[in-house]
Amino acid sequence: LYICFRTVEPLEYYRRFLKEDCRPDGRELGEFRATTHFLSSGSITTADGSALVKLGNTMVICGVKAELAAPAVDFANKGYIVPNVELPSLCSTRFRSGPPGEEAQAASQFIADVIENSQVIAKEDLCIADGKLAWVLYCDIICLDYDGNILDASVFALLAALKNVQLPSVTINEETGLSEVNLKQKNPLIIRKHPVATSFAIFDDTLLLVDPTAEEEDLATGTVTIVTDDEGRLCSVHKPGGSPLTGAKLQDCITRAITRHKEVKKLIDQVIKSIKPK
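Looking at an unreviewed UniProt entry, one finds the protein chain named Exosome complex component RRP43, with Nyctibius bracteatus as its source organism. Note on the protein chain: under the UniProt heading Sequence similarities (unreviewed entry), the record states "Belongs to the RNase PH family."

Observations regarding the UniProt feature "domain: Exoribonuclease phosphorolytic" (unreviewed entry) in the protein chain
Mapped onto this numbering, the UniProt entry annotates "domain: Exoribonuclease phosphorolytic" (unreviewed entry) at residues 39–168 and 195–258. Summarising residues 195–258: 28% helix, 38% strand, and an end-to-end C-alpha distance of 10 Å.

Looking at the packing of helix H3 (residues 102–118) against helix H4 (residues 150–163)
Each pair of packed helices can be described by the angle between their axes along with the distance between the axes. Contact pair H3 / H4: the axes reach a minimum separation of 11 Å and the direction vectors enclose 45°. By the angle class used here, H3 and H4 are oblique. As for the relative orientation of H3 and H4, their crossing is right-handed in sense. Where H3 approaches H4, its residues Glu103, Ala107, Phe110, Ile111 and Ile115 are matched on the opposing element by Ile150, Leu151, Ser154, Val155 and Leu158. Residue composition of the contact of H3 with H4, grouped by class: eight nonpolar, one polar and one charged.

Considerations on the nonpolar core
Ile121, Leu137, Leu162 and Leu189 are the most contacted members of the largest nonpolar core, which totals 51 residues. Grouped together as the second largest cluster of nonpolar side chains are ten residues, Phe32, Ile226, Ile254 and Ala257 included.

Observations regarding unusual backbone geometry
The backbone of Asp204 sits at a positive phi, close to 55°, despite the residue not being glycine. Tracing the chain through its elements places Asp204 in the loop between strand S9 (196–203) and strand S10 (207–210). Looking at Asp204, the relative accessible area reads 31%, which means it is partly exposed. For Asp211, which is not glycine, the phi torsion reads 50° and is therefore positive.

Conventions and cut-offs
Residues numbered from 1 in each chain as written. Predicted model: local features only at pLDDT ≥ 70, side-chain atom pairs only at ≥ 80, totals over all residues. Heavy atoms only, no water. UniProt positions renumbered as here; feature names shortened; annotations may be inferred. Helix = DSSP H or I, 4+ residues; strand = E, 2+ residues; numbered from the N terminus. Axes fitted to C-alpha atoms, helices over the stretch in contact; angles between N-to-C directions. Parallel < 35°, antiparallel > 145°, perpendicular 65-115°, else oblique. Left-handed = near helix turned anticlockwise from the far one by under 90°. Contact = heavy atoms within 4.5 Å. Nonpolar A, V, L, I, M, F, W, Y, C, P; charged D, E, K, R; others polar. Core = buried A, V, L, I, M, F, W, Y, C linked by side-chain atoms within 4.5 Å. Buried < 20%, exposed > 50% of the residue type's maximum accessible area, 1.4 Å probe, protein only.

The structure is reproduced here in structure tokens:
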């Protein structure tokens, strides 16, 4: 009976649970799904760093590939970071094969904004020789299983993968002008900030549901994602339309996001320490 009711009247089905301050999956309104991180430099053999993140039933993998290139003329002392989020048809029936859809493009732009606003990596640190040589970091984030909240999972995976990267030592031979790569000497990236995203679904224009599932996103009247850094500073607020938020509600979201940041940062640090570099 409940299965039929959920299928025919999903919104009313949810409202009956929300009246009791809980959700159909047993979580409270402000409760996150279990988050697990799996980091391994060998999980993607062609990547310089990788991470697999599971947020509830949502699973995302991020691989970072580093290549050498000449810096842009206007930014002679900076390297590049190029993020890309893929939502293939294999991760959910809501996505189709072919060129990136609107949601994937929006997620890629969101990740690019987070990288820029948070300064997770200073692009100057990626420069090897001013005007001559710099690193390009291609960050491919692929969703393997979609059950909502792709933005939080993508930021988690990106940060974990960047912390997993080991780059070889590169110098420029003054006589020949050619680059020389020492694969035996590798160094980690300098991670300057640790951005963490916290997403909320707005239900019936008033209720806030943290870490929404795909079903909750579909029924929501709006969503908002808050990105904070190590010092509790606001890096980004992503709100793609929908129900407006009062100042008090927005402040509530920011406060919860700061608390969430501490939990995620601690989790990533624990996993990083447990991995022995090759």
